[in-house]
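# Commentary on secondary and tertiary structure
Given next are the chains, with one letter for each unit.
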Amino acid sequence: MFSVSESVYKLKVFFIFIFILLLSACSKIDMKQFENNTPKLDLFSFFEGNTIAYGIFEDRFGNLKRQFRVNITGKLENNTLTLDEDFLYDDGEQANRVWKINKTIENDKVFYQGQANDIEGKAYGSISGNTLNWSYDIYLNIKESKIKVHFNDWIYKQSEDLAINRAYVSKFGINIGSVTLVFLRNKLIKDIYPLNLKSW
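Residue indices begin from 1 for each chain and proceed along its sequence in written order. Only residues with pLDDT of 70 or above have their local features reported here, since the model is predicted, and side-chain atom pairs are shown and tallied only from 80 upward, although totals for entire chains, interfaces and linings are computed over all residues. Each side-chain value is derived from all of the structure's non-hydrogen atoms; neither hydrogens nor water enter the calculation.

## Remarks on the overall build of the protein
- Within the protein, the regular secondary structure consists of 2 helices and 10 strands.
- Going along the chain from the N terminus, every DSSP run of H or I of four or more residues is numbered as a helix, and every run of E of two or more is numbered as a strand. Reading the secondary structure of the protein in the N-to-C direction produces α-α-β-β-β-β-β-β-β-β-β-β.
- Only protein chains enter the calculation, and the probe is 1.4 Å; a residue is then buried if its accessible area is under 20% of its type maximum, exposed if over 50%, and partly exposed in between. Of all 200 residues assigned to the protein, the portion counted as buried reaches 37%.
- Counting contacts in the protein only where the partners sit at least 6 residues apart, residues at least 24 apart contribute 42% of the total.
- Note on areas: Shrake-Rupley, 1.4 Å probe, and residue coverage restricted to the protein chains presented here. When the accessible area of the protein is evaluated, it comes to approximately 12,600 Å², of which 55% is carbon and sulfur surface. Contacts were defined at the residue level, with two residues in contact if any of their heavy atoms lie within 4.5 Å.

Pasting the structure below:
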């Protein structure tokens, strides 16, 4: 026989599990809703050359935890886009990530897959209209430890030289925060590229 407290505990666990499943089901977004949005996004043409980004990380309660800025160099060769990203965080930490991204087209739909030094496996995603969605598992340095988290990443092209990135970060299917970035290129960065990444 279970005690009353054990039964209540099991009931709580059950409802938490159902709640997480419902959140996961609600988070699936139909990419078709973006197909008429303009300007159209092509990841290769947008990120080829020099780009900068300003970003923030907020916890799941909306509290600002970190700020950062990025210099990005994109090189396109043999249907592979190499993105070399240099980061500076507001606490002085510096980091580098190098993406290798490939594009395929199937039935007029554009798909991407990418790899980077701190990504487990590959990132997979697709584009519709002005929007890219892709997801991947990444190792983050948190309190001198490497922790694997999941990124559900959305990029929305706003103009020829500006895009907004929202990434939802989760662990074991539970939301732990979000990342917001603004990507700028071409005319918008002619007087400020490269950003100072030596000191905040």
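## Remarks on the packing of aromatic side chains
- Centres within 6.5 Å are what make two rings of Phe, Tyr or Trp a pair, Trp counting through its six-membered ring; a difference in plane orientation under 30 degrees is then read as stacked, over 60 as edge-to-face, and the rest as tilted. Inspection of every chain in the model, using the stated rule, returns 13 aromatic pairs.
- Seen in terms of ring centroids, Tyr 136 and Phe 151 are 5.6 Å apart; in terms of plane orientation they differ by 20°. Their pairing is stacked. Highlighted residues: Tyr 136 in strand E7 (residues 131-142) and Phe 151 in strand E8 (residues 145-159), separated in sequence by 15 residues.
- Here Tyr 136 falls in the buried class, since its relative accessible area comes to 6%.
- Each residue in the set Trp 99, Trp 134, Tyr 136 and Phe 151 is aromatic and connected to the rest through ring pairs, giving one cluster.

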